[in-house]
Amino acid sequence: MGIREAKVYYDGSHYIAIDSNAYPKRKGRSRPKPPVTVEKQEFDKAYNESLSLPKRERKEHINEAMDGLFKTEEMQKEYIERETEKKKRNRLVRMQRLFRKINLQTWDYFCTFTYDSAKHTEESFKKSLLNCLRHLATNKGWRYIGAWEYSPERERLHFHGIFIIPEMIGELIEVRDWSIKKHRMQTTIQNTHFNNKFGRSDFEQVERREDVISTALYLLKYIEKDNGKLIISRNLPTFFKSDIADEDILCYMDEENRKAILFDNFTCIDEGVLMGQVSKEVIEKMPKCN
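The shown structure was predicted, so the numbers you read here are calculated from the model rather than taken from an experiment.

(A) Broad picture of the overall build of the protein. Looking only at helices and strands, the protein has 7 helices and 15 strands in total. Reported as C-alpha extents along the three principal axes, the dimensions of the protein are approximately 65 × 60 × 35 Å. Going through the 290 residues of the protein one by one, you find that 38% of them count as buried. A fraction of 61% describes how many contacts in the protein between residues 6 or more apart in sequence connect residues 24 or more apart. Accessible surface for the protein amounts to roughly 18600 Å². Of this, 48% is attributable to carbon and sulfur atoms. Treating the 52 positive side-chain charges of the protein as one cloud and the 47 negative ones as another, the clouds have centres 4 Å apart.

Now the structure itself:
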């Protein structure tokens, strides 16, 4: 029987198939969000502030910020524990979704873009760079996951992330300059188009999967510390879809047979057509979804 129209992702070790037909689909309009209470506003504010504190001081900071909002200490304690657990679950879901997206792609470059004050203000740099990247995603097939960050040395805003670049624009050149961070001369690969348009760019070729994972962990750590958001290009899929034959299922991961670990050489099937054993080239031909 196998699994029809499975959503498949790679967890870093194995391909996992999810039987999307086994999960009930939501009908009608989504539930309206409950109103944000004063308690929720104060908790979120205190929680975000506590992220920059040592672990042992975080709980104390949140408790102090919430004092006087509840009738009893027990009610306050229960509320903080409940909301903290929600934050942890949401973080796990974000990490899970991010790594499923990352593992499904083959990344080309780790890029950093910094603006020149003679060319842009901070606001015009953000607006212009995002607009440029959106056009490249639409017209040239670029895909990316990145974040804004202020450099600790000069506190200057820059954008960095991992990129899929099927068609390069501008010219990649070697530039010899001084590294403020390393306090020595360095050779970097920069792009003439982005240098001319914004100020400075650095293009580092991705050669190992470990480099991609470490970059993703860094981005997650950064956005949680500064309460920022990841910038993810449109149409960056989380899964590819395939029918799965019984003989390609190594084992099921739950009693309901809704999720299965697949053999490393399983066959991809698209609407009854055998597309071949799973590989980068075959995955590119398969339908994608989120």
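(B) Highlighting a negative patch on the surface. On the surface, a cluster of negative charge is made up of E57, E60, E64, D67, E73, E74, E78 and E81. Breaking the negative patch down by element, the ones donating at least two residues are α2 (55-66) and α3 (73-104).

(C) Inspection of the pairing of strand β1 (residues 3-10) at higher detail. For β1 and strand β10 (residues 239-244), the ladder comprises 4 bridges, and the chain directions are antiparallel. Considered in β10, the bridge of K7 is made with K241. Between β1 and strand β2 (residues 15-18), which pair antiparallel one after the other, the connecting turn spans 4 residues, and G12 there sits at a positive phi close to 105°.

(D) The arrangement of the packing of helix α1 (residues 38-50) against α2 in detail. At a closest axis distance of 9 Å, the pairing of α1 and α2 adopts a crossing angle of 150°. The orientation of α1 relative to α2 falls into the category roughly antiparallel. As for the relative orientation of α1 and α2, their crossing is right-handed in sense. Contacts between α1 and α2 involve E39, E42, F43, A46, Y47, E49 and S50 from the first element and R58, H61, I62, A65 and M66 from the second.

(E) Spatial organisation of the confidence of the model for the protein. When the pLDDT values of the protein are averaged, the result is 88; 91% of them are 70 or greater. Averaged pLDDT values for the elements of the protein fall to 74 in helix α6 (residues 209-226) and rise to 97 in β2.

(F) Geometry of the pattern of salt bridges. Under the defined criterion, the tally for this structure stands at 10 salt bridges. D243 is the partner of R4 in a salt bridge, and the nearest nitrogen-oxygen pair spans 3.1 Å. In this pair, R4 is assigned in strand β1 and D243 in strand β10, connecting sequence segments 239 residues apart. Taking the relative accessible area as the measure of exposure, R4 reaches 53% and is therefore exposed. In this structure D243 comes out as buried when scored by relative accessible area, which is 11%. For the salt bridge of D254 with R258, the shortest nitrogen-to-oxygen distance reads 3.3 Å. In this structure R258 comes out as partly exposed when scored by relative accessible area, which is 25%. Overlapping salt bridges, with partners in common, bring together K40, D44, E83, K86 and K87 in one network.

(G) Layout of the sheet that holds strand β8 (residues 199-205). Here 5 strands make up an open sheet; going across it, the order is β8-β3-β5-β4-β9 and the pairing antiparallel. Only two strands of the sheet have a single partner each, and these edge strands are β8 and β9 (231-232). The strands touched by helix α4 (residues 122-139) are β3 (109-115), β4 (143-150), β5 (157-164) and β9; relative to β4, the strand with the most contacts, the crossing angle is about 170°.

Definitions and cut-offs
Residues numbered from 1 in each chain as written. Predicted model: local features only at pLDDT ≥ 70, side-chain atom pairs only at ≥ 80, totals over all residues. Heavy atoms only, no water. Helix = DSSP H or I, 4+ residues; strand = E, 2+ residues; numbered from the N terminus. Buried < 20%, exposed > 50% of the residue type's maximum accessible area, 1.4 Å probe, protein only. Contact = heavy atoms within 4.5 Å. Areas by Shrake-Rupley, 256 points an atom, 1.4 Å probe, with all protein chains shown as cover. Lys, Arg positive; Asp, Glu negative; His and termini not counted. Charge placed at Lys NZ, Arg CZ, Asp CG, Glu CD. Patch = residues over 30% accessible without salt bridge, like charges linked within 9 Å, V, L, I, M, F, W, Y side chains within 5 Å. Salt bridge = Lys/Arg side-chain N within 4 Å of Asp/Glu carboxyl O. Pairing = 2+ DSSP bridges. Axes fitted to C-alpha atoms, helices over the stretch in contact; angles between N-to-C directions. Parallel < 35°, antiparallel > 145°, perpendicular 65-115°, else oblique. Left-handed = near helix turned anticlockwise from the far one by under 90°. pLDDT = per-residue confidence, 0-100.

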